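Architecture and fold: a report
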Amino acid sequence: MNSIKKYLTAIAMALGFSAVCNAEIVPVYKIDAATGSYVQTTLTHDIYRYSADAQLTDLVVTDQQGNKLPYRISAPDTKVSVKTQQTPVRFFPVPVGASPETLLVLSSASIRLDDNEISVSVEKGNNTAITGQTTPTDFYVVDLSDLKTQADTLAILWPINDAHQYLEVEVSGTNDMTNWAPITNTTLVQLQKEDEYLTRNKIALNLSEMQYAYLRLKFTRGGDNLKLTSVHIENTHQIANTPAADTWEVQGTLAEKQDSAMLAERHTNHLPVAAWEFERDDIAPVNKISIDLGNIQYGDRITIFSRHSSKQPWQLVHQGIWFNAQVGSEWQRSDAVSIYSNSDTQWRVELNELVRTSAKPTLVFHRTAQTLQFIANNSAPYNIAIDNQSTTDHEAVSAQIFSQLMAGKDVQWETVSAAPLNPDLDSFARHQVHISWKTILFWLVLISAVGALIWVAVRLVGQMKHAQ
């Protein structure tokens, strides 16, 4: 019995030690260099690997002595003022074999091609619809001679059809229609399936005002019988800074169940798919997700699910068409999908079953990095830490104190870098195994029962020996 008591005492001491560990404030980042009193740094998704709450209520900022400092967490100003100006420009197709003299004539007038003959009007005009053309087109000329601004981007449109889904284009510039200077080579895409589109129809030029009077668009792939419908110059003026993007990838594994999770709880759906499942070690709220399919051609349906734990059913996050297409040496992909502040840790991606053995998708999470601001006290270094006890909403309390101290003040914030300390994840409450009181009681009863049986067996063996 004494040995059993000692064993139970050891268990109690271990549980007590675990409780003490859980109450620790564990530093995650360290800030060494901070000369001012008003300090700010960037918080990425990495802090959510350690926190037990998606709102970071357990985050604290401490000084060298462990004193807690007032702070606030805020999202950067996402109200970026962007002004895009579109200017339509004249363009015309040039038939094979056209001389520079012909180009000069065409550049100063609107043109029309009918039955291998070129008719030229006297005045310039917008040539956005050329019909009945039978002469093969060598290239297109875009007239910038009347443009009095810079040329950031060239946007072109053409009819969507199977023959002209992918275009490779060489862009060059000239002022005399004779000497052409290369500007860029790029790929353009217009794909459509069901109601989904993938459009990449813009060419980055970055030309200064009057740098070139004319552009040449030479389509080296997909240009046969191509009819451009419009050409615009786009200039974008951005006021304010773009918030820092926070992007990271998670690798997945082929799912055990290769039937779609759609309506799986009703046991009515047995649609075969190619499914991968992903698990991230953070709970950062994400607002966009995308899929990296690598070098796999794909233009079919995709379905994305998420859940907080394996005990919950899969919840639909997105379904639609996803494009992953190669044009020349470049890959064009669908834009990231917008979602609402999702903190789920488990994810599932379903593709067409035909790519089950060839695809290895990567799930890419996107969010805007947050800013942490705190009031320093000249007692560096400072630590950004997690309170494992988390009985208090530190973020709310600290933000209230912070607001009172900052009321009516206009200060200059010192931006610093926080060095990661890379603590062991097992040091944090969210990653530790939580044992309920029922489980503890069960094991205590079981150990007591086993101890009692051992005691009875020892007594019986002793009595048998005494009887002999």
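Along each chain, numbering runs from 1 in the same order as the chain's sequence is written. Only residues with pLDDT of at least 70 get local features here, since the model is predicted, and only at 80 or more are side-chain atom pairs given and counted; chain-wide, interface and lining totals rely on the full set of residues. Excluded from the side-chain calculations are hydrogens and water; all other atoms, namely the structure's heavy atoms, are used.

**Quick word on the overall build of the protein chain**
Rule in force here: Strands here mean DSSP runs of E at least two residues long; helices mean DSSP runs of H or I at least four residues long; both are numbered from the N terminus. Relative accessibility thresholds used throughout: buried, under 20% of the residue-type maximum; exposed, over 50%; partly exposed, between the two (1.4 Å probe, protein chains only). Whether two residues are in contact is decided by their heavy atoms, any of which lying within 4.5 Å being enough. Only the protein chains shown count as cover for residues, and all accessible areas are computed by the Shrake-Rupley method using a 1.4 Å probe.
Helix and strand counts for the protein chain stand at four helices and 29 strands. When each of the 468 residues of the protein chain is scored for burial, the buried share is 41%. For the protein chain, restricting intrachain contacts to residue pairs at least 6 apart in sequence, the fraction spanning at least 24 positions comes to 78%. When the accessible area of the protein chain is evaluated, it comes to approximately 25900 Å², of which 52% is carbon and sulfur surface.

**Observations concerning empty space enclosed by the protein**
Let me state the cut-off plainly: Only protein atoms enter the 1 Å grid, on which a cavity is a set of points fitting a 1.4 Å probe that cannot get out and a pocket is an open set with protein on both sides within 12 Å along at least 5 of 7 lines, lining residues being those with an atom within 4 Å of a point. Grid points are joined across faces, edges and corners, and a volume is the space filled by probe spheres set on the points. In this classification, Asp, Glu, Lys and Arg are treated as charged, Ala, Val, Leu, Ile, Met, Phe, Trp, Tyr, Cys and Pro as nonpolar, and every other residue, Gly included, as polar.
Under the criterion given, the structure shown has one cavity of 30 Å³ or more. Leu-144, Leu-147, Thr-149, Ala-151, Leu-207, Ser-208, Met-210, Gln-211 and Tyr-212 are the residues that line the largest cavity. Here the lining of the largest cavity is composed, by residue class, of six nonpolar, three polar and no charged.

**Some remarks on the sheet that holds strand β29 (residues 419-420)**
Going by this rule: We call two strands paired when DSSP finds no fewer than two bridges between them.
Across the sheet, four strands lie side by side as β3-β27-β1-β29; this open sheet has antiparallel pairing. Each edge of the sheet is formed by a strand with only one pairing partner; in this case those strands are β3 (59-62) and β29. Sheet topology places β3 next to strand β27 (residues 382-387); four bridges connect them, and they run antiparallel. Following the sheet pairing, Thr-62 is matched in β27 by Asn-383.

**So, the pairing of strand β9 (residues 137-143)**
Taking burial as the measure, the seven residues of β9 include five buried ones, the bulk of the element. In terms of strand pairing, β9 meets strand β15 (residues 214-221) through four bridges, oriented antiparallel. The residue bridging Val-142 from the neighbouring strand is Leu-215, located in β15.

**Examining the confidence of the model for the protein chain**
The test is simple: Across the chain, each position has a pLDDT score giving the predictor's confidence in that residue, from 0 to 100.
Scored by pLDDT, the protein chain has a mean of 83; 81% of the residues are at 70 or more. Looking at the elements of the protein chain, mean pLDDT is at its lowest for helix α1 (residues 2-22), recorded as 40, and at its highest for strand β24 (residues 346-351), recorded as 97. pLDDT under 50 marks residues 1-23. Its contacts with residues more than four places away, or in other chains, come to 15 contacts.

**Remarks on unusual backbone geometry**
Backbone phi values are negative for most residues with the exception of glycine, while trans is the configuration of most peptide bonds. In this model, Ala-380 is joined to Pro-381 through a cis peptide bond whose omega is 0 degrees. Tracing the chain through its elements places Pro-381 in the loop between β26 (370-375) and β27. For Glu-194, which is not glycine, the phi torsion reads 55 degrees and is therefore positive. In this model, Ser-341 sits at a positive phi of 35 degrees, which is unusual for a non-glycine residue. Topologically, Ser-341 is positioned in strand β23 (residues 337-342). The exposure class assigned to Ser-341 is partly exposed, which follows from its relative accessible area of 41%.

**Thoughts on a nonpolar patch on the surface**
The condition that has to hold: The patches reported here contain residues having more than 30% relative accessible area and no salt bridge. Joining distances are 9 Å for like charges and 5 Å for nonpolar side chains (Val, Leu, Ile, Met, Phe, Trp, Tyr). What counts as a salt bridge is simple: a side-chain nitrogen of Lys or Arg found within 4 Å of a carboxyl oxygen of Asp or Glu.
The grouping of Phe-442, Trp-443, Leu-446, Val-450, Ile-454 and Val-458 at the surface amounts to a nonpolar patch, some 600 Å² of accessible area in total. Here Phe-442 is to be found in helix α4 (residues 437-467).

**Some remarks on the pairing of strand β21 (residues 315-327)**
Where strand β20 (residues 298-307) and β21 come together, nine bridges link them in antiparallel fashion. Within β21, the position partnered with Thr-303 by the bridge is Gln-319. Examined bridge by bridge, β21 and strand β22 (residues 330-333) share four bridges and lie antiparallel to one another. When the sheet's bridge partners are listed, Asn-324 is paired in β22 with Arg-333. Between β21 and β22, which pair antiparallel one after the other, the connecting turn spans two residues, and Gly-328 there sits at a positive phi close to 65 degrees.

**Focus: the environment of Lys-257**
Relative to the helices and strands, Lys-257 resides in the loop between β17 (245-254) and β18 (274-279). On the accessibility criterion, Lys-257 (63% relative accessible area) is exposed. Distance in space between the C-alpha atoms of Lys-257 and Ala-274 is 9.2 Å, their sequence separation being 17 residues. When neighbours within four sequence positions are excluded, Lys-257 is seen to be in contact with Ala-275 and Arg-348.

**Some points on the side chain of Asp-152**
Looking at where Asp-152 falls in the secondary structure, it is placed in strand β10 (residues 151-157). Here Asp-152 is in contact with Ile-203, Ala-204, Leu-205, Asn-206, Glu-234, Asn-235 and Thr-236, once residues within four sequence places are set aside.

**Describing the pattern of salt bridges**
Using the criterion set out here, one finds 16 salt bridges in the structure. Taking the shortest distance from any N to any O, the salt bridge between Asp-138 and Lys-218 comes out at 2.3 Å. Remark: Lys-218 occurs in strand β15 and Asp-138 occurs in strand β9; sequence separation between them is 80 residues. The partly exposed category is assigned to Asp-138, whose relative accessible area is 25%. One salt bridge connects Arg-301 with Glu-194, and the closest N-O pair in it is separated by 2.7 Å. Here Arg-301, found in strand β20, pairs with Glu-194, found in the loop between β12 (181-193) and β13 (196-200); they are 107 residues apart in sequence, far enough to count as distant. We classify Glu-194 as partly exposed; its relative accessible area is 48%.

**Brief notes about the sheet that holds strand β11 (residues 166-174)**
Strand pairing in a sheet takes place through backbone hydrogen bonds and is either antiparallel or parallel in direction. Where we set the bar: Only C-alpha atoms enter the line fits that serve as axes; for helices the fit covers just the stretch in contact. Angles between N-to-C directions range over 0 to 180 degrees.
The six strands are arranged β6-β9-β15-β11-β12-β13 in an open sheet whose pairing can be described as antiparallel. Each end of this open sheet is capped by a strand with a single partner; those strands are β6 (90-95) and β13. Ignoring which end each strand starts from, the neighbouring axes of this sheet average 25 degrees apart.

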